[in-house]
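Examining the three-dimensional arrangement
What follows is the residue order along each chain.
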Amino acid sequence: MKIDILGCSGGIGPGLHTTAFRVDKHLLVDAGSGVGTLTLEQMLDIRSVIITHAHIDHILGLPLMLATIYDQHTHPVHVYASSSVISALKDHIFNWTIWPDFTQLPAERPILQLHTVDPDSELEIENYRITTLPADHPSPAVGYLVNDGQSSFAFTGDSGYHPPFWHQVNRHQPELIIVDISFTDDARELANDSGHMTSSQLQQALALLDYTPDVRITHLKAGFEQAISAECSSTDPIHVAPLHHGEILNLPKG
Ligand SMILES: [Zn+2]
Ligand SMILES: [Zn+2]
């Protein structure tokens, strides 16, 4: 499995894009502004998108990508998310005011198909088994576990410190965990209010694990990347490092 890090920042700016990971050729995990780094051909190859939550930094690439490819696509794009996220997309994005309703366009073969995913469910998408994982965030949110039969990774989505996520991860033991660490420790109050984690909460979470995965941190607040990374670096024996834009992760690790 190849994970292409299209966007991994908590903000935007030169070289910074918000959350979007491409898994192999056909699957997107979240559709933030990182989607805008895909070529037209790569966008046309996307068949499925799983969305963690409806915050705009995780969805804004979706309407723009669909508008870019809707007259050239040869297959629909299937979007999977919780019922509240699907409702939010219908009511607030694809409502003919903010953006056209691509579940009706083009009329003869609409490009967008929306699918509701139940919490705590498992589904087969493309060649992957996808499991929803619990998250804690002001907007209804989930994390995901993506397994291609050979390897797997877990993604918190946006979430504060939430032990049920880490207990589930322990059960599945993915070799890679991608964790939202948006703030340094001295911004803990802001992190709690906004439903994100800090570096010391990462230490707490990693202490819940009874195995040694690779851990990569994402959603770092723009301008604080070095400070957050420095606080997260000392978690021996678990290796923790920030994700980088344009990086490609290969699983299983060679
Ligand atoms: Zn969010
Ligand atoms: Zn976010």
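Each value, and the rule that gives it
Residues numbered from 1 in each chain as written. Chains lettered and ligands numbered in written order. Predicted model: local features only at pLDDT ≥ 70, side-chain atom pairs only at ≥ 80, totals over all residues. Heavy atoms only, no water. Donors = N, O, S within 2.8 Å, 3.2 Å for Na, K, Ca; no water. Tetrahedral: all angles 85-135°; square planar, octahedral: opposite > 155°, others 65-115°. Helix = DSSP H or I, 4+ residues; strand = E, 2+ residues; numbered from the N terminus. Buried < 20%, exposed > 50% of the residue type's maximum accessible area, 1.4 Å probe, protein only. UniProt positions renumbered as here; feature names shortened; annotations may be inferred. Salt bridge = Lys/Arg side-chain N within 4 Å of Asp/Glu carboxyl O. Pairing = 2+ DSSP bridges. Axes fitted to C-alpha atoms, helices over the stretch in contact; angles between N-to-C directions. Contact = heavy atoms within 4.5 Å.

Surrounding the zinc ion (ligand 2) are the protein donor atoms Asp 57 (OD), His 58 (NE2), Asp 158 (OD) and His 219 (NE2), at 2.1 to 2.2 Å. Around the zinc ion (ligand 2), the four donor atoms are arranged such that angles at the metal cover 90 to 163°; this shape is classified as irregular. Written as a sequence motif, the donor arrangement for the zinc ion (ligand 2) is D-H-x99-D-x60-H. The metal-metal distance between the zinc ion (ligand 2) and the zinc ion (ligand 1) comes to 3.5 Å, with Asp 158 coordinating both. Here the residue His 58 occupies a position in helix α2 (residues 56–59), and His 219 occupies one in the loop between β13 (214–218) and α8 (225–232), the gap between them amounting to 161 residues. Across the pair, His 219 and His 58 agree in class, each one buried.

Feature annotation in UniProt assigns "domain: Metallo-beta-lactamase" (unreviewed entry) to the following positions: residues 15–219. For residues 15–219, helix accounts for 27% and strand for 27%, while the C-alpha atoms at its two ends are 14 Å apart.

With that settled, the discussion passes to the coordination of the zinc ion (ligand 1). The zinc ion (ligand 1) binds to the protein through His 53 (NE2), His 55 (ND1), His 137 (NE2) and Asp 158 (OD), with metal-donor distances spanning 2.1 to 2.4 Å. One can describe the donor arrangement at the zinc ion (ligand 1) as irregular, given that its four donor atoms subtend angles of 90 to 164° at the metal.

Side chains bearing opposite charge may pair, as long as their charged atoms lie close to each other. Counted by the stated rule, this structure contains five salt bridges. Note that Arg 129 and Glu 122 form a salt bridge whose closest N and O atoms lie 3.6 Å from each other. A relative accessible area of 36% places Arg 129 in the partly exposed class. Glu 247 is paired through a salt bridge with Arg 216; the nearest N and O atoms lie 2.7 Å apart. Within this pair, whereas Glu 247 is found in the loop between β14 (240–242) and β15 (248–250), its partner Arg 216 is found in strand β13, the two being separated by 31 residues in sequence.

One open sheet holds the seven strands; their spatial order is β6-β5-β4-β3-β2-β1-β15, and the pairing between them is mixed. Edge positions in the open sheet fall to β6 (112–116) and β15, since each of these has one partner strand only. On average, each strand axis in the sheet is tilted by 20° relative to the strand beside it, whichever way the strands run. Those strands touched by helix α3 (residues 61–69) are β3 (27–29), β4 (48–50), β5 (77–81) and β6, and its axis lies near 170° from that of β5.

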